[in-house]
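Close look at the chain arrangement
The chain contents come next:
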Amino acid sequence: MLLDLAAAAAGMLIGLRFRAGALLAATLVMVAASVAAQAHNDGFGWHALGLTLEWAVLLQIGYLVGLAVAASWRRFRGK
């Protein structure tokens, strides 16, 4: 649960400040680290792949939320 929240929060922070290139790099780093950590602890299998996919999706959703917040902030601040 804590790692799920961390992935979503990281996506939100990337969405607030950076753009798609940073999201791609963060996703690559997160997937590589997740696969390495899961393979080291439990051996690579479907469970590790599922967790990695879950964290990648949460990172992407967090990014979209961060983009929406940043766009809303610019829109209301501009008026």
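In the block above lies the structure referred to throughout.
Not measured: the values here are computed from a predicted model.

A look at the packing of helix H2 (residues 20-41) against helix H3 (residues 46-78)
Two elements in contact, H2 and H3, have axes separated by 9 Å at closest approach and are oriented at 160 degrees. One element, H2, and the other, H3, form an angle in the roughly antiparallel class. Between H2 and H3 the crossing geometry is right-handed. Residues Ala 20, Leu 23, Ala 26, Thr 27, Met 30, Val 31, Ser 34, Val 35 and Gln 38 of H2 form the contact with H3, whose own contacting residues are Ala 48, Leu 51, Thr 52, Trp 55, Ala 56, Leu 59, Gln 60 and Tyr 63. Considering only residue class, the contact of H2 with H3 consists of twelve nonpolar, five polar and no charged.

Some words on the side chain of Thr 27
Tracing the backbone shows Thr 27 in helix H2. Take Thr 27: its relative accessible area is 15%, and that puts it in the buried class. A polar contact is formed between the side chain of Thr 27 and the side chain of Gln 60, at a distance of 2.9 Å. Filtering out sequence-adjacent residues up to four positions away, Thr 27 remains in contact with Leu 59 and Gln 60.

Calculation notes
Residues numbered from 1 in each chain as written. Predicted model: local features only at pLDDT ≥ 70, side-chain atom pairs only at ≥ 80, totals over all residues. Heavy atoms only, no water. Axes fitted to C-alpha atoms, helices over the stretch in contact; angles between N-to-C directions. Helix = DSSP H or I, 4+ residues; strand = E, 2+ residues; numbered from the N terminus. Parallel < 35°, antiparallel > 145°, perpendicular 65-115°, else oblique. Left-handed = near helix turned anticlockwise from the far one by under 90°. Contact = heavy atoms within 4.5 Å. Nonpolar A, V, L, I, M, F, W, Y, C, P; charged D, E, K, R; others polar. Buried < 20%, exposed > 50% of the residue type's maximum accessible area, 1.4 Å probe, protein only. Polar contact = N/O pair within 3.5 Å; in protein donor to acceptor, adjacent residues only side chain to side chain.

On their own, these measurements won't tell you what the molecule is for.
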